[in-house]
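One letter stands for each residue in the lines below.
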Amino acid sequence: MNIIINGTSRQLNSTRNLSDIVSAYCKQSRHVIAELNGCIIPPEQWGQTSLKDGDTLELVTFVGGG
Amino acid sequence: MTDTPLVIAGKSFSSRFLLGTGKFKNKKDLTDSIVSSKSEIVTVALRRIDLERHEENILEYIPAHVTLLTNTSGARNAREAVRIARLAKASGCGNWVKIEVINDSKYLLPDNQETIKAAEILSAEGFVVLPYISPDLYAARALVKAGAAAVMPLGSFIGSNQGLKTKEFIRVLINEIDLPIIVDAGIGTPSQAAQAMEIGAEAVLANTAVATAQNPAVLARAFALAIEAGRLGFLSGLPLQLSLSQASSPLTGFLYNDIPAN
């Protein structure tokens, strides 16, 4: 399964939910915001949100800025 | 003389200094600067997580009592600004947003028209909207109509430390717009911040100057003091500037009777 995470195409071996992806790719899930195919998914729904081939996922968080 | 608090969207703040959190060399400088600035509103930005480099979360370094103001930097139009604001709100870190729409990579000037469009949409969705603009009376009036909570005109080019180049245009906004005017961008020294406050700005935002100083926490404190001094100057009802000298001491009752020779 191929999904695009933050603009980069990534091959995933098994079907996984959003919660697994966030744990795999982010140091911590606190203050991580997930947008799947243009829709914001609240953290409480990550566990029930499964990813499918061709999905586009954005994982964003806060950084310093003026 | 005691000052009234800065009030934005019904929330009171005793500090009139907003601090940006970009460009700090390290997180200790950032935390120390927020503390010494006594700022109660700090700006942050939103970016894609770097999946290869596990970076630290900046929010861990911002004291909890501070109001977060997320900017929409990176947005090139109203649609992108709205998207960034919605993402920020989804984090649960509040609904205060500094609308920043820039689509010119040379001067980095804000696009007032797109900013107004974004302000209309986000205010209607319940965001507390603080738009960053080039100081323009018509744009500011449109933002009042759009439901903005404050207006943030630039003092000079962002990150330039050039100070209050737009002073007369900001003065127009201060006189005509019934919202807090917060001078943002280009303020490089405490004296420039004081100048903005002396003409009646409600607050000043600084970032680059503090973050890139050799000792950021010291400059943050200096800014805070200058902003307070400038504010008191404004409240005092500053006297007019004159084009000629006027003696500070009385010109009568001298110890001699003859007029001093030239």
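Now for a look at the structure at hand. Predicted model, so just to flag it, every value in this text is computed and none were measured. (Residues numbered from 1 in each chain as written. Chains lettered and ligands numbered in written order. Predicted model: local features only at pLDDT ≥ 70, side-chain atom pairs only at ≥ 80, totals over all residues. Heavy atoms only, no water.)

**Thoughts on the packing of aromatic side chains**
Residues and elements named next belong to chain B.
Next up, step 1: This structure, assessed with the given rule, holds four aromatic pairs over all chains.
Next up, step 2: The ring centre of Y61 lies 5.9 Å from the NZ or CZ of K27, which sits over that ring.
Next up, step 3: Geometry around Y132 places K98 over its ring, the cationic atom sitting 5.0 Å from the centre. (Phe/Tyr/Trp six-rings, centres within 6.5 Å; stacked < 30°, edge-to-face > 60°. Lys NZ or Arg CZ within 6 Å of the ring centre and 35° of its normal.)

**A short note on the interface of chain A and chain B**
Where interface size is quoted, it is often the accessible area lost as the parts come together.
Next up, step 1: If you look at the interface, chain A gives 23 residues, while chain B gives 31 residues.
Next up, step 2: Here chain A meets chain B over a buried area of about 2,500 Å², counting both sides, of which 59% is carbon and sulfur.
Next up, step 3: Ionic pairing is found between A:R30 and B:E60, a salt bridge with its closest N-O pair at 3.2 Å.
Next up, step 4: In this assembly, chain A and chain B are joined by 14 residue pairs in polar contact (both at pLDDT 80 or more).
Next up, step 5: Among the elements of the structure, β3 (33–36) and β5 (56–64) of chain A are those that each provide at least two residues to the side of chain A that touches chain B.
Next up, step 6: If you tally residues by element for the side of chain A that touches chain B, the top one is β5(A), at seven residues.
Next up, step 7: Looking at chain direction, β5(A) and strand β4 (residues 41–48) of chain B are connected through five bridges and run antiparallel. Paired with A:V60 across the two strands is B:R48, which belongs to β4(B). (Contact = heavy atoms within 4.5 Å. Buried area = accessible area lost by both parts, 1.4 Å probe. Salt bridge = Lys/Arg side-chain N within 4 Å of Asp/Glu carboxyl O. Polar contact = N/O pair within 3.5 Å; in protein donor to acceptor, adjacent residues only side chain to side chain. Helix = DSSP H or I, 4+ residues; strand = E, 2+ residues; numbered from the N terminus. Pairing = 2+ DSSP bridges.)

**Brief notes about the side chain of B:Q192**
Next up, step 1: Its location among the elements puts B:Q192 in helix α6 (residues 190–198).
Next up, step 2: Polar contacts involving the side chain of B:Q192 include one to the main-chain amide nitrogen of B:G163, which spans 3.5 Å.

**Regarding the pattern of salt bridges**
Residue and element names in this part refer to chain B.
Next up, step 1: Per the stated rule, a full pass over the model turns up 15 salt bridges over all chains.
Next up, step 2: Notably, a salt bridge pairs R76 with E80, separated by 2.6 Å at the nearest N-O pair.
Next up, step 3: For E80, a relative accessible area of 16% gives the class buried.
Next up, step 4: Here the salt bridges do not stand alone but share partners, grouping D3, R16, E202 and R231 into one network. (Buried < 20%, exposed > 50% of the residue type's maximum accessible area, 1.4 Å probe, protein only.)

**Some details on the packing of helix α3 (residues 112–124) of chain B against helix α4 (residues 137–146) of chain B**
Residues and elements named next belong to chain B.
Next up, step 1: It is at 9 Å that the axes of α3 and α4 come closest, and there the two elements cross at 10°. The orientation of α3 relative to α4 falls into the category roughly parallel. In this structure, α3 contributes N112, T115, I116, A119, E120 and S123 to the contact, and α4 contributes A139, A142, L143 and A146.
Next up, step 2: Tallied by class, the residues present in the contact of α3 with α4 amount to six nonpolar, three polar and one charged. (Axes fitted to C-alpha atoms, helices over the stretch in contact; angles between N-to-C directions. Parallel < 35°, antiparallel > 145°, perpendicular 65-115°, else oblique. Nonpolar A, V, L, I, M, F, W, Y, C, P; charged D, E, K, R; others polar.)

**Quick look at the packing of helix α2 (residues 78–90) of chain B against α3(B)**
Angle between the axes and distance between the axes are the two parameters that describe a pair of packed helices.
Residue and element names in this part refer to chain B.
Next up, step 1: Remark: α2 packs on α3, axes separated minimally by 8 Å, with the N-to-C direction vectors making an angle of 40°. Judged by the angle between their axes, α2 and α3 are oblique. Viewed along their axes, α2 and α3 form a crossing whose handedness is right-handed. On α3, the residues touching A78, A81, V82, A85 and R86 of α2 are E114, K117, A118, I121 and L122.
Next up, step 2: A breakdown of the residues in the contact of α2 with α3 according to their chemical character gives seven nonpolar, no polar and three charged. (Left-handed = near helix turned anticlockwise from the far one by under 90°.)

**Quick look at the nonpolar core**
Next up, step 1: Counting 67 residues, the largest nonpolar core has A:F62, B:I99, B:V151 and B:F223 as the members making the most contacts within it.
Next up, step 2: Ranked by residue count, the leading element in this core is α2(B), at seven residues.
Next up, step 3: Apart from residues lying up to four places away in sequence, B:V151 is in contact with B:P131, B:I133, B:A140, B:L143, B:L173, B:I177, B:L179, B:P180, B:I181 and B:I182.
Next up, step 4: Counting 18 residues, the second largest nonpolar core, distinct from the first, contains A:I5, A:V22, A:L57 and B:L51. (Core = buried A, V, L, I, M, F, W, Y, C linked by side-chain atoms within 4.5 Å.)

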